[in-house]
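Commentary on secondary and tertiary structure
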Amino acid sequence: MERPTTIPPLAILAQATLPTRYGEFRTLVFTVEGDAREHLALIHGQPSGKERVVVRVHSECITGEVFGSLKCDCGAQLDSAMREVVRRGTGIILYLRQEGRGIGLTNKIRAYALQDQGADTVDANRLLGLPDDARTYEAAAAMLHHLGVRSIELITNNPEKVRALEELGIQVAARIPSLVPVGTEARRYLEVKRDRMHHLIPEREAVPQSVAHGATGSDDNRP
Ligand SMILES: [Zn+2]
């Protein structure tokens, strides 16, 4: 698959303040030319004109982020990135609507069905005649360009993502390893790790202790 190397025109459709359990963000809905999907930017602090802004470019995963699926670690990745951005005082989460490594929700669940029958994630995609990874990053690059970020520190374990953004003219000053492995190259490893980390994942995706504690008003729910 040809990877885009030019930045498409971008349109901001709406923006507002978004308080979250991690901290306060400004959220922008945006699209890029030739792509009807509504992508999301979550901005903490004032990244405009700054160097080495911490950035997570995160692709949508409804099963992992909403339903706590243990087939991947997308929910934990997003959670960890939002914490890191707030911890650093300035940063950006770009949430791209390319579900299932870009193949869409239906194909992702079809691939899961093949995995139920014993195929691994790569073979499942190939059996469906789909690429291992169909994600592209021109929308992310367009938004970083729009925000006037001069260089970024990218939270990722995926060198392909760094390369793709650099090809789109984004200066990646550093790569910050994510706490949990992700990306096509780590996928087999991730599945093994997932089995080993089985008990850790629910803790990582649980409501933070401070919130749970405040909500119950007792120590009963503490581990
Ligand atoms: Zn996922």
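A quick note: this is a predicted structure, and the numbers were derived from the prediction, not measured.

A few words on the environment of Ala111. Note on placement: Ala111 falls in helix α3 (residues 105-116). The spatial distance from the C-alpha of Ala111 to the C-alpha of Leu130 is 9.7 Å, given a sequence separation of 19 residues. Ignoring sequence-local partners within four residues, the contact set of Ala111 consists of Ala124, Asn125 and Leu128.

What follows is about the confidence of the model for the chain. Of the residues in the chain, 79% reach a pLDDT of 70 or more, and the chain-wide mean stands at 83. Throughout residues 192-223 the model reports pLDDT below 50, and contacts reaching past four residues in sequence, or to other chains, amount to 29 contacts.

Glancing now at the pairing of strand β1 (residues 10-19). On any regular strand, side chains alternate: one points to one face of the sheet, the next to the other face. Taken together, the nine bridges between β1 and strand β2 (residues 24-32) define a ladder with antiparallel strand orientation. Counterpart to Thr17 in the pairing with β2 is Arg26. The turn joining β1 and β2, which pair antiparallel and follow one another in sequence, is formed by four residues; a positive phi near 155° is taken by Gly23.

A few words on the coordination of the zinc ion. Within the protein, the zinc ion binds to Cys61 (SG), Cys72 (SG) and Cys74 (SG); these donor distances fall in the range 2.1 to 2.2 Å. If you list the donors of the zinc ion from N- to C-terminus, the spacing comes out as C-x10-C-x1-C. In this pair, Cys61 sits in the loop between β4 (53-59) and α1 (62-65) while Cys74 sits in helix α2 (residues 74-88), placing the two residues 13 residues apart along the sequence.

Here the focus is unusual backbone geometry. For Arg52, which is not glycine, the phi dihedral falls at a positive 50°. Among the structural elements, Arg52 can be located in the loop between β3 (35-44) and β4. With relative accessibility at 43%, the residue Arg52 sits in the partly exposed group. Unlike most non-glycine residues, Arg101 shows phi in positive territory, near 50°. Its place among the elements puts Arg101 in the loop between β5 (91-96) and α3.

Criteria and cut-off values
Residues numbered from 1 in each chain as written. Predicted model: local features only at pLDDT ≥ 70, side-chain atom pairs only at ≥ 80, totals over all residues. Heavy atoms only, no water. Helix = DSSP H or I, 4+ residues; strand = E, 2+ residues; numbered from the N terminus. Contact = heavy atoms within 4.5 Å. pLDDT = per-residue confidence, 0-100. Pairing = 2+ DSSP bridges. Donors = N, O, S within 2.8 Å, 3.2 Å for Na, K, Ca; no water. Buried < 20%, exposed > 50% of the residue type's maximum accessible area, 1.4 Å probe, protein only.

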